[in-house]
Amino acid sequence: MSRPLHRGVSGVGRLSVNSHDSWEDSQMKERIEKEDPDKSFRFPFRFVFPDNSLKHNLSENGFASDPFNTGTLRSRHKLTLLFLRLSLVVIAILALAGSFWWTLTITTSSRGHIFRGYRRIQEQLVSDLWDIGELSLGSARLKELEFCSQEYENYVPCFNVTENLALGLTEGEENERHCGQGSRQNCLVLPPSNYKIPLRWPTGKDVIWIANVKITAQEVLSSGSLTKRMMMLEEEQISFRSASLMFDGVEDYSHQIAEMIGLRNESNFLQAGVRTILDIGCGYGSFGAHLFSKQLLTMCIANYEASGSQVQLTLERGLPAMIGSFTSKQLPYPSLSYDMVHCARCGIDWDQKEGILLIEVDRVLRPGGYFVWTSPLTNAQGYRRNKENQKRWDFVRNFSEKLCWDMLSQQDETVVWKKTSKKNCYGSRKSGSGPSVCSKSHDVESPYYRPLQPCIGGTQSRRWISIEDRSAWPSRAKLTSNELAIHGVHPEDFAEDSQNSISAVRNYWSLLSPLIFSDHPKRPGDEDPSPPYNMLRNVLDMNARYGGFNSALLESGKSVWVMNVVPTSGPNSLPLILDRGFVGVLHDWCEAFPTYPRTYDMVHAEGLLSLEANQKRRCTLLDLFSEIDRLLRPEGWVIFRDSSSLIEMARALATRLRWDARVIEIESNSNDRLLICQKPFFKRQAN
């Protein structure tokens, strides 16, 4: 078990590079005090006397007598006063002259600097007033939050199917995300009564505690998607098997897809330009779990499910997943985001709504990327003998041609298409054949839950680069100057962000290792214990910027994946993050994140509080912190880095959430502070 911090403490740690000097000073001070205890209290100024006259002129009371005569002293006193008066006059004249000269020499550019400085003062004033407003309620503000009722154990705000049906939403829209004013609850979500800390990586990837998720034995045993069935119920655990005796294993399945593309096996995906995969209706993540060992990153998306959730079980395994449905809205990903889109019996009717769902797949797919569809509908020997099924298959096949997709291969129930990498393909189609290309005004690169568009998107983007022409992983993570220019990022800014993140990861781990690995002691400088003692499998970076924190974790050899979140309130750098071969999403932090409770082992938020403080807020910091608590697993960690004033306020809120918290000073930047918190493991009493 990890060593807890002291909850609500006001103690402050320090990151300093000069601790050796401080230690020597303290040792010297102790030595002096031991030698002369009567002189341990010193006057803060030092007086210097000529020669050694002091020791010859001590009076009986211990004070030194004046070594000069009285007349000389009065003369010197008058001269000193006169000199001081003249000095004050000269200083005043110089100050007035300097001020007058400075005013005359102000240029247009310096006025701009002054104005920007004034704006910064204004912003700081707004932040300070906001802080005062948050703290103005006094002791009422510091009251600890109550625990939520049991019905909130698996509660996901913004996804209320019953309420959506009552509002008249049908045809799949009831499963969509709808965030209203009443969707938040500022209470602490407790885990189920029999909840257990997940098994550590890599064991936890294949075995989870059944009490940690909401699923029935019938749901475990019932058939579902191809990967959903590859699981077994074993007493208190669910075991996921990549090779089952009853079904073809996921290893054989992924090997088949690689051969259909023209590769030797799935280990060659990276060489073919495939690094990130969007797995729609992912079952319970077995496809992504297998490919994870091949350095492929698979993001699972599926509808919200009250029980037996694909997303919840995939996340419990420590794999990337989020709730996502594009029945009527676009996904919160930029255009041209993924190298492959995969659907294995995912339950989506691609022939419905005049093919608009296939258009959305085309939008998020990179040029030259692959769409893999496994469904009984594609099997000519059986399922397609029905005329209605044959009609549905014909629609998908014909519509894919209108999207300029090339059908590479078809085997059994699996079909693989390849998206064109040439824009001129769209212009070479027959007039009126297929969906039109989006105009520049409609081709939004990074939509945020915008209604589905019936036109082909992404063609206006400067990021239209074939996956074969991109650097292979892991070189892809280090963008070239030309690639950075596409995103409007200066190489110096990118390098600075990377270097700061490397330093941050090194410092964080030096602080957390003694706590995280307290059950497995290691000497300073030793490497972290190998799995399964790795306590962190996933990290939520709430203000990811360029994805530097993600990159630094990988470079330091940490076996974790990061959900990079780009707030809608700041600059949109998500396309850059995804082009580096990472996964991420746009999000408004005044709304609930689309995932289940107890999802992440660590939450990282650098500069997020400052970013949110400067916005016209629709929510409070308490709303934000309550959401973080919902997302965090018991005994999980939160790291804030921000200005000292915001960190102090965050520490007060951490106390309300019953987190163990500690503030750490950063020597290199006196205005910044770290707030490191751990969420305790509170258990609900069994009925």
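Residues numbered from 1 in each chain as written. Predicted model: local features only at pLDDT ≥ 70, side-chain atom pairs only at ≥ 80, totals over all residues. Heavy atoms only, no water.

1. Points about the confidence of the model for the chain
Part 1 of the argument: On average, the chain scores 79 in pLDDT, and the residues at 70 or more come to 72%.
Part 2 of the argument: Averaged pLDDT values for the elements of the chain fall to 36 in helix 2 (residues 53–56) and rise to 98 in helix 17 (residues 574–579).
Part 3 of the argument: In this model, residues 6–12 is a region of pLDDT below 50 whose contacts with residues beyond four sequence positions or in other chains number 19 contacts.
Part 4 of the argument: This stretch, residues 243–248, has a pLDDT under 50; its non-local contacts, to residues over four places away or in other chains, come to 4 contacts. (pLDDT = per-residue confidence, 0-100. Helix = DSSP H or I, 4+ residues; strand = E, 2+ residues; numbered from the N terminus. Contact = heavy atoms within 4.5 Å.)

2. Concerning the packing of aromatic side chains
Part 1 of the argument: Inspection of every chain in the model, using the stated rule, returns 23 aromatic pairs.
Part 2 of the argument: For the pair Tyr 152 and Tyr 155, a centre-to-centre distance of 4.9 Å together with 85° between the ring planes defines the contact as edge-to-face.
Part 3 of the argument: You can call Tyr 152 buried: its relative accessible area is 16%.
Part 4 of the argument: Judged by its relative accessible area of 21%, Tyr 155 falls in the partly exposed class. (Phe/Tyr/Trp six-rings, centres within 6.5 Å; stacked < 30°, edge-to-face > 60°. Buried < 20%, exposed > 50% of the residue type's maximum accessible area, 1.4 Å probe, protein only.)

3. Focus: the sheet that holds strand 8 (residues 338–344)
Part 1 of the argument: Across the sheet, which stays open at both edges, the 7 strands sit in the order 7-6-5-8-9-11-10 with mixed pairing between neighbours. This sheet does not close on itself; its edge strands, each paired only once, are strand 7 (321–323) and strand 10 (405–411). Going across the sheet, the axis of each strand differs from the next one's by a mean of 20°, ignoring polarity.
Part 2 of the argument: The sheet contact formed by strand 9 (residues 365–374) and strand 11 (residues 414–419) spans 5 bridges and is antiparallel. Bridged to Val 372 within strand 11 is Val 416. (Pairing = 2+ DSSP bridges. Axes fitted to C-alpha atoms, helices over the stretch in contact; angles between N-to-C directions.)

4. As for the side chain of Ser 551
Part 1 of the argument: Here Ser 551 is to be found in helix 16 (residues 548–555).
Part 2 of the argument: Given a relative accessible area of 8%, Ser 551 falls into the buried group.
Part 3 of the argument: Only 3.3 Å separates the side chain of Ser 551 from the side chain of Arg 580, close enough to count as a polar contact.
Part 4 of the argument: If we skip the residues at most four places from it in the chain, Ser 551 touches Arg 580 and Phe 582. (Polar contact = N/O pair within 3.5 Å; in protein donor to acceptor, adjacent residues only side chain to side chain.)

5. Details of the pairing of strand 9
Part 1 of the argument: A large share of strand 9 lies buried, amounting to 10 of its 10 residues.
Part 2 of the argument: Both strand 8 and strand 9 contribute to a ladder of 6 bridges, which runs parallel. Paired with Met 340 across the two strands is Tyr 370, which belongs to strand 9.
Part 3 of the argument: With helix 11 (residues 356–364) bridging strand 8 and the parallel strand 9, this β-α-β connection has right-handed handedness. (Right-handed = clockwise from strand over helix to strand, strands pointing away.)

6. Comments concerning the sheet that holds strand 3 (residues 231–234)
Part 1 of the argument: Reading across from one edge, 2-4-3 is the order of the 3 strands in this open sheet, with antiparallel pairing throughout. The open sheet is flanked by strand 2 (207–209) and strand 3, the only strands paired with a single partner. Between one strand axis and the next, the sheet turns through 25° on average, direction left out of account.

7. Concerning the pairing of strand 14 (residues 583–587)
Part 1 of the argument: The element strand 14 is extensively covered by neighbouring structure, given that 5 of its 5 residues are classed as buried.
Part 2 of the argument: Because side chains alternate across strand 14, one face comprises the buried residues Val 583, Val 585 and His 587, and the other comprises Gly 584 and Leu 586, equally buried.
Part 3 of the argument: The sheet contact formed by strand 13 (residues 561–567) and strand 14 spans 5 bridges and is parallel. By the bridge assignment, Val 566 is partnered in strand 14 with Leu 586.
Part 4 of the argument: The handedness of the strand 13 to strand 14 crossover, carried by helix 17, is right-handed.

8. Some words on the layout of surface pockets
Part 1 of the argument: Its volume calculated, the largest pocket comes out at about 1100 Å³.
Part 2 of the argument: Lining the largest pocket are 44 residues; nearest its centre among them are Asp 497, Asn 500, Ser 501, Arg 545 and Glu 606.
Part 3 of the argument: Broken down by secondary-structure element, the contributors of at least two residues to the lining of the largest pocket are helix 15 (491–516), helix 16, strand 13, helix 17 and strand 15 (600–606).
Part 4 of the argument: It is helix 15 that contributes the most residues to the lining of the largest pocket, 9 residues altogether.
Part 5 of the argument: Of the residues assigned to the lining of the largest pocket, the class counts are 17 nonpolar, 16 polar and 11 charged. (1 Å grid on protein atoms, 1.4 Å probe; cavity = no way out; pocket = protein on both sides within 12 Å on 5 of 7 lines; lining within 4 Å. Points joined across faces, edges and corners; volume = space filled by probe spheres on them. Nonpolar A, V, L, I, M, F, W, Y, C, P; charged D, E, K, R; others polar.)

9. A closer look at the pattern of salt bridges
Part 1 of the argument: Evaluated as defined, the whole model comprises 26 salt bridges.
Part 2 of the argument: As a salt-bridge pair, Lys 419 and Asp 362 come within 3.9 Å of each other at their nearest N and O atoms. Of this pair, Lys 419 sits in strand 11 while Asp 362 sits in helix 11, placing them 57 residues apart in sequence. Asp 362 matches Lys 419 in its accessibility class, with the two residues each being buried.
Part 3 of the argument: Between Arg 651 and Glu 648 there is a salt bridge, with the nearest N and O atoms lying 2.4 Å from each other. You can see Arg 651 and its partner Glu 648 sitting in helix 20 (residues 644–656), 3 residues apart, about one turn around the helix.
Part 4 of the argument: Owing to a relative accessible area of 12%, Arg 651 belongs among the buried residues under this scheme.
Part 5 of the argument: Judged by its relative accessible area of 36%, Glu 648 is partly exposed.
Part 6 of the argument: Here the salt bridges do not stand alone but share partners, grouping Asp 339, Arg 366, Glu 445, Arg 463, Arg 470, Arg 476 and Asp 579 into one network. (Salt bridge = Lys/Arg side-chain N within 4 Å of Asp/Glu carboxyl O.)

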